[in-house]
Amino acid sequence: MVGANVVDDSKLFNEIDYVGRDKIWSDYVHNEVTSAKIWQNQWGFIAGNPLDLIKDKYPPKTPLPKLDLPPTLRVRSVTPISRYIKVDHSGPAPVTTSREIGWRSSSVS
């Protein structure tokens with residue numbers, strides 16, 4: 001039988017005394033701290049800002065000076081569209097048999 005020799009981990013853990021459990025826990029914490037330091041040295045650049053990696057290749061852009069444009073090239077102020085386009089009521093909806101399909105089916109006249 002293949003599964004006959006499998007040991008239940010919870011039973012094995014319960015058989016270990018408190019000194020052994022403390023040793024296992026201290027090894028676990030030590031491995032976590034060591035792994036965190038190694039990860040920061042090898043892969044820490046991933047967690048940082050990607051622009052920090054290329055900041056030396058591309059110097060910051062200097063802002064361009066403002067030019068005084070002639071009046072013909074200046075952008076005029078925005079005029080509201082309602083001044084040019086008027087939308088009036090389009091009248092009652094046509095009568096259909098079901099009133100559920102067609103032009104403006106949701107409006108009731």
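All of the points below concern the structure found in this document. Source: prediction; values computed, not measured.

### Some thoughts on the overall build of the protein
Okay, so step 1: Helices and strands together make up the secondary structure of the protein, namely 3 helices and 0 strands.
Okay, so step 2: Listing every helix and strand of the protein by position from the N terminus yields α-α-α.
Okay, so step 3: For the protein, the proportion of its 109 residues judged to be buried stands at 4%.
Okay, so step 4: Of the roughly 11300 Å² that the protein leaves accessible, carbon and sulfur atoms contribute 61%.

### Some details on a nonpolar patch on the surface
Okay, so step 1: On the surface, a nonpolar cluster with roughly 900 Å² of combined accessible area is contributed by Trp 39, Trp 43, Phe 45, Ile 46, Leu 51, Leu 53, Ile 54 and Tyr 58.
Okay, so step 2: When contributions to the nonpolar patch are tallied by element, the ones reaching two or more residues are α2 (18-47) and α3 (51-54).
Okay, so step 3: Considering each element in turn, the nonpolar patch owes the most residues, 4 residues, to α2.
Okay, so step 4: Checked against the element boundaries, Tyr 58 lands in the segment after α3.

### A word on the pattern of salt bridges
Okay, so step 1: According to the stated counting rule, one finds 2 salt bridges in the structure shown.
Okay, so step 2: Asp 68 serves as the salt-bridge partner of Arg 74, at 3.4 Å between the closest nitrogen and oxygen.
Okay, so step 3: The exposure class assigned to Arg 74 is partly exposed, which follows from its relative accessible area of 44%.
Okay, so step 4: Residue class for Asp 68 comes out exposed when judged on its relative accessible area of 70%.

### Considerations on α2
Okay, so step 1: Between its first and last C-alpha atoms α2 spans 38 Å; for 30 residues at 1.5 Å apiece the expected length is 44 Å, and the helix comes up short by more than 12%.
Okay, so step 2: Of all the bends in α2, the greatest, near 65°, is centred on Asn 41.

Procedures and definitions
- Residues numbered from 1 in each chain as written.
- Predicted model: local features only at pLDDT ≥ 70, side-chain atom pairs only at ≥ 80, totals over all residues.
- Heavy atoms only, no water.
- Helix = DSSP H or I, 4+ residues; strand = E, 2+ residues; numbered from the N terminus.
- Buried < 20%, exposed > 50% of the residue type's maximum accessible area, 1.4 Å probe, protein only.
- Areas by Shrake-Rupley, 256 points an atom, 1.4 Å probe, with all protein chains shown as cover.
- Patch = residues over 30% accessible without salt bridge, like charges linked within 9 Å, V, L, I, M, F, W, Y side chains within 5 Å.
- Salt bridge = Lys/Arg side-chain N within 4 Å of Asp/Glu carboxyl O.
- Expected span 1.5 Å × (residues − 1).
- Bend = angle between axes of the 7 residues up to and from the residue.

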